[in-house]
Amino acid sequence: MENIMPYIIQVGELVGAAVLGGWISRILTIRSRVRQEKAGAAKAETEVKADQIENIEKLVEKVYKPTIETLTNQVNELRRKVDSLERENGQLRAALKDLQAETEPARSDGRGQNGKTQPRNASGRFVRKEDSHED
């Protein structure tokens, strides 16, 4: 039996090495499969996100873009109207100023508009020209 024992040990070592090699191979295969599945899941998630972005872009094109264009056109039209009104307002103010200058009589008594140069007494109240030197 002593002669057989080294053979049994060698066979045991071979069987152990084969079993161990099988387990190592299985572990490596499982790791590789997990990596492939993770990569596949990440790729699928990326595709889903790309589809979501595409759907949002289509929604913007169909719904929001026409509304934005309509509002932009309305704003531009209102700007043109405001510019026109501002020009008209400026012209009317100039015409009114010219009319005021033409219709305002020249004062011969030396007093200016709104009594700016009208005589005043010592307390600062307006007085007739004749009473201006009195208190």
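Below, the structure is looked at part by part.

Rules behind the numbers
Residues numbered from 1 in each chain as written. Predicted model: local features only at pLDDT ≥ 70, side-chain atom pairs only at ≥ 80, totals over all residues. Heavy atoms only, no water. Helix = DSSP H or I, 4+ residues; strand = E, 2+ residues; numbered from the N terminus. Buried < 20%, exposed > 50% of the residue type's maximum accessible area, 1.4 Å probe, protein only. Areas by Shrake-Rupley, 256 points an atom, 1.4 Å probe, with all protein chains shown as cover. Patch = residues over 30% accessible without salt bridge, like charges linked within 9 Å, V, L, I, M, F, W, Y side chains within 5 Å. Salt bridge = Lys/Arg side-chain N within 4 Å of Asp/Glu carboxyl O. Expected span 1.5 Å × (residues − 1). Bend = angle between axes of the 7 residues up to and from the residue.

1. A word on the overall build of the protein chain
Okay, so step 1: Regarding its fold elements, the protein chain presents one helix and zero strands.
Okay, so step 2: Buried positions account for 3% of the 135 residues belonging to the protein chain.
Okay, so step 3: Just so you have it, the protein chain exposes about 12,700 Å², and 57% of that area is on carbon and sulfur atoms.

2. Looking at a nonpolar patch on the surface
Okay, so step 1: On the surface, a nonpolar cluster with roughly 550 Å² of combined accessible area is contributed by Ile56, Leu59, Val60, Val63, Tyr64 and Ile68.
Okay, so step 2: Checked against the element boundaries, Ile68 lands in helix H1 (residues 4–103).

3. Re H1
Okay, so step 1: The first and last C-alpha atoms of H1 sit 141 Å apart over 100 residues, in line with the 148 Å expected at 1.5 Å per residue.
Okay, so step 2: The sharpest bend along H1 comes to roughly 40°, located at Tyr64, with the proline Pro66 sitting one to four residues further on.

4. A closer look at the pattern of salt bridges
Okay, so step 1: Per the counting criterion, the structure on display carries four salt bridges.
Okay, so step 2: Here Lys49 ties to Glu45 by a salt bridge, and the two come within 3.5 Å at their closest N and O atoms. Of this pair, Lys49 and Glu45 both sit in helix H1, four residues apart, which is roughly one turn of the helix.
Okay, so step 3: A relative accessible area of 47% means that Lys49 is categorised as partly exposed.
Okay, so step 4: Relative accessible area serves as the criterion here: at 46%, Glu45 is assigned to the partly exposed category.
Okay, so step 5: Across the pair Arg80 and Glu77 runs a salt bridge whose closest N-O atoms are separated by 2.8 Å. Taken together, the positions of Arg80 and Glu77, both in helix H1 and three residues apart, correspond to about one turn of that helix.
Okay, so step 6: Note on Glu77: relative accessible area 34%, which makes it partly exposed.

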